Amino acid sequence: DKKIKGEFSVMYTETECLALIRELLPDIKIIVGFRNPVDRVFSSFDHYKRNSGSDQDFKTWFINFEQQYLESYNYNRVMNDLAAFKPQQTFQYIYGDLAEHPEDEIRKIYRFLGADETFVPSAAHKGINISYRYKNRYLHLIIVEIILRLYGKERGRKMVHTPSRRPPFVNAILAWNEDPVVRNQDRGAHFNYIAEILYPLCDKFLKQHDLNLEDSW
């Protein structure tokens, strides 16, 4: 049977990258997932706080974030860039649909790729890259250091950041010190501020897909 290979990166949706891909790989197939950009911003903020241990407030953090990364939230531009490819070369999905109905969305992706639609990966119903805050950050750093020494840096980091990759014993130790993040409070306090900045970058995309920034998707 023919093997299908691929890779992923959020950087591939930049205009220069897509143009280069189209030039060098004219028959490539591209899969792009879209998530509510407001939720993406708060997810990035949460990852920043988790990994840095900083007490920086949201608006101070966002000023620096906006200057560096806001272009990746320009869904209108991404949509226009993807239109340069043939329709059969691109597949777009909504993150919320994949999260709620993973098997259905995976089958659509397999169909697009020409792969076996009956195969369901073991990670289909597992949380991947879930955001956590720690009950005790210093204890977390000690646990992580032990894991990295036991399993090596590459494998150890994957265990720390992806629960589905953890052996049961390692998961039990890490999970004991983790609290899943609830972003509702931060989202409610800063939603209007963020939405006003992001809406002009994705208004056409929202209309085309009948979506809005208020709901999570």
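Note that the structure is predicted; figures quoted are calculated from it, not measured.

S.K.: What is the right way to look at the nonpolar core in this model?
M.R.: If you look at the biggest cluster of nonpolar residues, it comprises 31 residues, and the most contacted ones within it are Phe-34, Val-41, Phe-58, Phe-62, Ile-194, Leu-198 and Phe-205. Counting only elements with at least two residues in this core, the list comes to α1 (15-24), β1 (30-34), α2 (37-52), α3 (58-69), α4 (75-82) and α10 (184-209). The biggest single contributor to this core is α10, with eight residues. If near-sequence neighbours (up to four positions away) are discounted, Phe-205 is found in contact with Phe-34, Tyr-75, Asn-76, Met-79, Ile-94, Leu-211 and Trp-217. Of all hydrophobic cores here, the second largest spans eight residues; its members include Ile-143, Met-159, Val-160 and Leu-174.

S.K.: Would you explain a nonpolar patch on the surface in this entry?
M.R.: Nonpolar side chains collect at one region of the surface, where Ile-142, Ile-146, Leu-150 and Tyr-151 lie side by side and expose about 400 Å² of accessible area between them. The topology assignment puts Ile-142 in helix α7 (residues 137-151).

S.K.: Help me out: how do you make sense of unusual backbone geometry in this one?
M.R.: Across the chain, the bulk of peptide bonds are trans and the bulk of non-glycine residues have phi less than zero. Phi is positive for Asp-210, which is not a glycine, with a value near 55 degrees. Within the secondary structure layout, Asp-210 lies in the segment after α10.

S.K.: For this particular structure, what's the right way to read the environment of Ala-123?
M.R.: Mapped onto the fold, Ala-123 is located in the loop between α6 (102-113) and β3 (132-134). With a relative accessible area of 32%, Ala-123 lands in the partly exposed category. Spatially, the C-alpha atom of Ala-123 lies 7.1 Å from that of Ser-164, the residues being 41 residues apart in sequence.

S.K.: Please clarify how the environment of Ile-109 should be interpreted in this entry.
M.R.: Here Ile-109 shows up in helix α6. Taking the C-alpha atoms as reference points, Ile-109 and Tyr-93, separated by 16 residues in sequence, lie 8.8 Å from one another. Apart from residues no more than four positions distant in its own chain, Ile-109 is found in contact with Ile-31, Phe-91 and Tyr-93.

Procedures and definitions
- Residues numbered from 1 in each chain as written.
- Predicted model: local features only at pLDDT ≥ 70, side-chain atom pairs only at ≥ 80, totals over all residues.
- Heavy atoms only, no water.
- Core = buried A, V, L, I, M, F, W, Y, C linked by side-chain atoms within 4.5 Å.
- Buried < 20%, exposed > 50% of the residue type's maximum accessible area, 1.4 Å probe, protein only.
- Helix = DSSP H or I, 4+ residues; strand = E, 2+ residues; numbered from the N terminus.
- Contact = heavy atoms within 4.5 Å.
- Patch = residues over 30% accessible without salt bridge, like charges linked within 9 Å, V, L, I, M, F, W, Y side chains within 5 Å.
- Areas by Shrake-Rupley, 256 points an atom, 1.4 Å probe, with all protein chains shown as cover.
- Salt bridge = Lys/Arg side-chain N within 4 Å of Asp/Glu carboxyl O.

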